[in-house]
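# Summary of the model geometry
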Amino acid sequence: MNQSEVPVVPMPTILIVDDSPSYLAALLDRLERHGFLIVLAQTAAEGLMRAAFAEPDLILLDVVMPDIDGFEACRRLKAGKNTKDIPVIFMTGLTDPKQKVTGFDAGGVDYITKPFQIEEVLARINTHLALRRANRELHDMIATLAKAREDLVRNEKLAGLGALVAGIAHELNTPIGNSLMAATTFEMQTDDISQHITAEGGIKRKEFEHYIENARLSVDILSRNLHRAADIVTNFKQVAVDQTSSARRSFLLAEVIAGNLLTLQPTIKRTPFVIQQQVPPELMMESYPGPLGQVVTNLINNAILHGYEGRSEGLIAVSATLSSQGWVTLSVEDHGVGIAREDLSRIYDPFFTTKMGVGGSGLGLNIAHNIVTEILGGKIDVNSEVGGGTRFTLTLPMSAPLK
């Protein structure tokens, strides 16, 4: 790195508020020698104005001042949006412990007793500047992690939409293929009957009756399969709207579960496992079907990926009941390998997975837990033992809290 590339580190700015010109002059001289940028104020009102304007890294604030004392000035600083996080060190000749308690209650972080030694002042300043830098770095790290989490959740949603597209393509393949076959056969039969009609001797009654029978059969096949395709498109359209909008609406739980199971068909049909749904058809909820469907999908995928690892068959049961208190209990249960006792307390941690690098992101259960607790207003519990399977149970209100 050449000289022009050396990063410039800004000098820490310290605001000193004191009505004694001699103290101000002494602190200004000594602190500037140690590389600090100093802003001065002789009254609390002036100090409040300069704090809002200069946004210092730290404030040295005298306690005893005319009009507004240091405690009240600190309270006002802590009430300001742009000044509330600035550390305040009180400077005082008072030695009453009650005064110190008052200062800490007002928001101060430390005390310097007058007359003071400059070494003590520097030590306290450097300590609290280091703490503030650490807090800023921690806040930046938290913001970065939150952004990374949002990106990962967004990628999970995109993967879910990819599965949705694959699911509708897979499900439409059969009814469209059947319709195309019926239409092609009917076209061939129509060409054949047309040739008989125009040929010498015309067409026999038996041949025409056979054509009519085949026509009815073709129309029946076309009608049933095109209605099936239309139902699939309608179903997937609702699932897609739910997944992308996360809107709150009234819905029949059985229909939402069935719609999401359809999106999983391409995945399920590549496995030897069976999914069984037992949800009361009349069970109505006022909630967020998109996030709820994502939770069910994640739990089923978890059962396929982890629960039945190494198994050649298995059943995944999705069931729901309504309690007399108006809570919906929704469970996803498998009879697979189970979860080790030492892992049970960690399964909802982000990035915890026993499948890292082979298909597991470690986010599925973390996302499910956050959705259930933060969006759906419920809770999620797990019961599992090694070799005895796993059951995840969601306890949800029929009417989810408004966001």
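Let me sum up the structure you'll find in this document. (Residues numbered from 1 in each chain as written. Predicted model: local features only at pLDDT ≥ 70, side-chain atom pairs only at ≥ 80, totals over all residues. Heavy atoms only, no water.)

On to the packing of aromatic side chains. Here a ring pair, both rings aromatic, is described through the centre-centre distance and the interplanar angle of the planes. A full pass over the atoms with the stated rule returns six aromatic pairs. Taken together, a centroid distance of 6.1 Å and an interplanar angle of 15° make the contact between Phe 186 and Tyr 211 stacked. Residue Phe 186 is found in helix α5 (residues 118–198), and its partner Tyr 211 is found in helix α6 (residues 205–245); the two are separated by 25 residues along the sequence. Summarising the aromatic geometry, the rings of Phe 273 and Tyr 308 are spaced 5.0 Å apart at their centres and angled 25° between planes, so their arrangement reads as stacked. Residue Phe 273 is found in strand β7 (residues 273–278), and its partner Tyr 308 is found in the loop between α9 (289–307) and β9 (314–322); the two are separated by 35 residues along the sequence. Of the two residues, Phe 273 and Tyr 308, both sit in the buried class. Among the aromatic residues, those joined into a ring-pair cluster are Phe 71, Phe 90, Phe 104 and Tyr 111. Over the aromatic face of Tyr 111 sits the side chain of Lys 100, whose NZ or CZ is 5.9 Å from the ring centroid. The cationic tip of Lys 114 hangs over the ring face of Tyr 23; the distance from NZ or CZ to the ring centre is 4.4 Å. (Phe/Tyr/Trp six-rings, centres within 6.5 Å; stacked < 30°, edge-to-face > 60°. Helix = DSSP H or I, 4+ residues; strand = E, 2+ residues; numbered from the N terminus. Buried < 20%, exposed > 50% of the residue type's maximum accessible area, 1.4 Å probe, protein only. Lys NZ or Arg CZ within 6 Å of the ring centre and 35° of its normal.)

Let us now look at the packing of α9 against helix α11 (residues 364–375). Orientation of α9 relative to α11, taken along the N-to-C sense of each, is 150°, at an axis distance of 9 Å. Considered as vectors, α9 and α11 are oriented roughly antiparallel to each other. Classified by chirality, the crossing of α11 by α9 is left-handed. Here Pro 291, Gln 294, Val 295, Asn 298, Leu 299 and Asn 302 of α9 lie close against α11, whose contacting residues are Gly 364, Leu 365, Ile 367, Ala 368, Ile 371, Val 372 and Ile 375. Its residues placed into classes, the contact of α9 with α11 shows nine nonpolar, four polar and no charged. (Axes fitted to C-alpha atoms, helices over the stretch in contact; angles between N-to-C directions. Parallel < 35°, antiparallel > 145°, perpendicular 65-115°, else oblique. Left-handed = near helix turned anticlockwise from the far one by under 90°. Contact = heavy atoms within 4.5 Å. Nonpolar A, V, L, I, M, F, W, Y, C, P; charged D, E, K, R; others polar.)

Computed from the structure, the second largest pocket encloses a volume of approximately 230 Å³. Surrounding the second largest pocket, Asp 85, Ile 86, Pro 87, Val 109, His 128, Leu 131, Arg 132, Asn 135, Arg 136 and His 139 form its lining. In terms of residue class, the lining of the second largest pocket is made up of four nonpolar, three polar and three charged. (1 Å grid on protein atoms, 1.4 Å probe; cavity = no way out; pocket = protein on both sides within 12 Å on 5 of 7 lines; lining within 4 Å. Points joined across faces, edges and corners; volume = space filled by probe spheres on them.)

The next thing to look at is the pairing of strand β1 (residues 13–17). For β1, the buried fraction is high: five of the five residues fall into the buried class. The two faces of β1 match: Thr 13, Leu 15 and Val 17 on one face and Ile 14 and Ile 16 on the other face are all buried. Here β1 runs beside strand β2 (residues 37–41); their pairing, made up of five bridges, is parallel. Paired with Val 17 across the bridge in β2 is Ala 41. Tracing the backbone out of β1, into helix α1 (residues 21–33) and back to the parallel element β2 gives a crossover that is right-handed. Of the strand pairs in this sheet, β1 and strand β3 (residues 58–62) are connected by four bridges, and their pairing is parallel. Considered in β3, the bridge of Val 17 is made with Leu 61. (Pairing = 2+ DSSP bridges. Right-handed = clockwise from strand over helix to strand, strands pointing away.)

None of this, on its own, says anything about what the molecule does.
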